[in-house]
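# Secondary and tertiary structure notes
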Amino acid sequence: MHLAHYLGLLHRSQTELADAFREVGRGHRDEPDVHHVCERLAGQCDEHARRLAPFARRYSEKAPDEPERLHATLFSGTRTGGLGLLRDLHDLYLMAAECDISWTLIGQAAQGARDEDLLGVVEVCEKETAVQLLWLRTRMKQASPQALVVAS
């Protein structure tokens, strides 16, 4: 059963995303909304990882290193200025999209395995991840005119 592979991938992706949200929040403290929302979303990701843990154990978690590699590729420290904020939010969006599609695939597998408990976790966490993506997209739209058009 390859469900264990995706559970491991998602578990580590959620942990890496939580760390990245915190890093971006700290790196952009001058943007109060970014700092506070990133802290809250990091907590959501921590909760997602915590809720996945029993299923990872049940299905014998095999933790691949892809999420760590993704985090290392995207984050070598936060950037500064308006363009830096935009790029950091873009990186978070890509990491959250990784989690989003993993939730979808695990949800399909949970239906196939008739694992109602896992399906319940997926339904809650998948919705929260969708809201994370929506906030990131909206915040990037807000930041992009200033960052991309106005000279600094």
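The preceding data block contains the structure.
Since we're looking at a predicted model, the values are computed, not measured.

## Remarks on helix α4 (residues 81-113)
End to end, α4 covers 48 Å across 33 residues, agreeing with the expected 48 Å (1.5 Å per residue, within 8%). Residue R114 follows α4 closely and has a positive phi angle near 55°.

## What to know about the environment of A42
By secondary structure assignment, the location of A42 is in helix α2 (residues 32-58). Through-space distance from the C-alpha of A42 to that of Q132 is 10.0 Å; in sequence the pair is 90 residues apart. Those residues in contact with A42, other than ones at most four positions away along the chain, are A18, F21 and R22.

## Concerning the side chain of Q132
Mapped onto the elements of the fold, Q132 is located in helix α5 (residues 116-148). Owing to a relative accessible area of 0%, Q132 belongs among the buried residues under this scheme. Excluding its chain neighbours within four sequence positions, the residues that come into contact with Q132 are L17, F21, L41, Q44, C45 and H48.

## Thoughts on the layout of surface pockets
Roughly 170 Å³ of volume is contained in the largest pocket. Among the elements of the structure, α4 and α5 are those that each provide at least two residues to the lining of the largest pocket. It is α5 that contributes the most residues to the lining of the largest pocket, 5 residues altogether. Here the residues of the lining of the largest pocket sort into 3 nonpolar, 7 polar and 4 charged.

Each value, and the rule that gives it
Residues numbered from 1 in each chain as written. Predicted model: local features only at pLDDT ≥ 70, side-chain atom pairs only at ≥ 80, totals over all residues. Heavy atoms only, no water. Helix = DSSP H or I, 4+ residues; strand = E, 2+ residues; numbered from the N terminus. Expected span 1.5 Å × (residues − 1). Contact = heavy atoms within 4.5 Å. Buried < 20%, exposed > 50% of the residue type's maximum accessible area, 1.4 Å probe, protein only. 1 Å grid on protein atoms, 1.4 Å probe; cavity = no way out; pocket = protein on both sides within 12 Å on 5 of 7 lines; lining within 4 Å. Points joined across faces, edges and corners; volume = space filled by probe spheres on them. Nonpolar A, V, L, I, M, F, W, Y, C, P; charged D, E, K, R; others polar.

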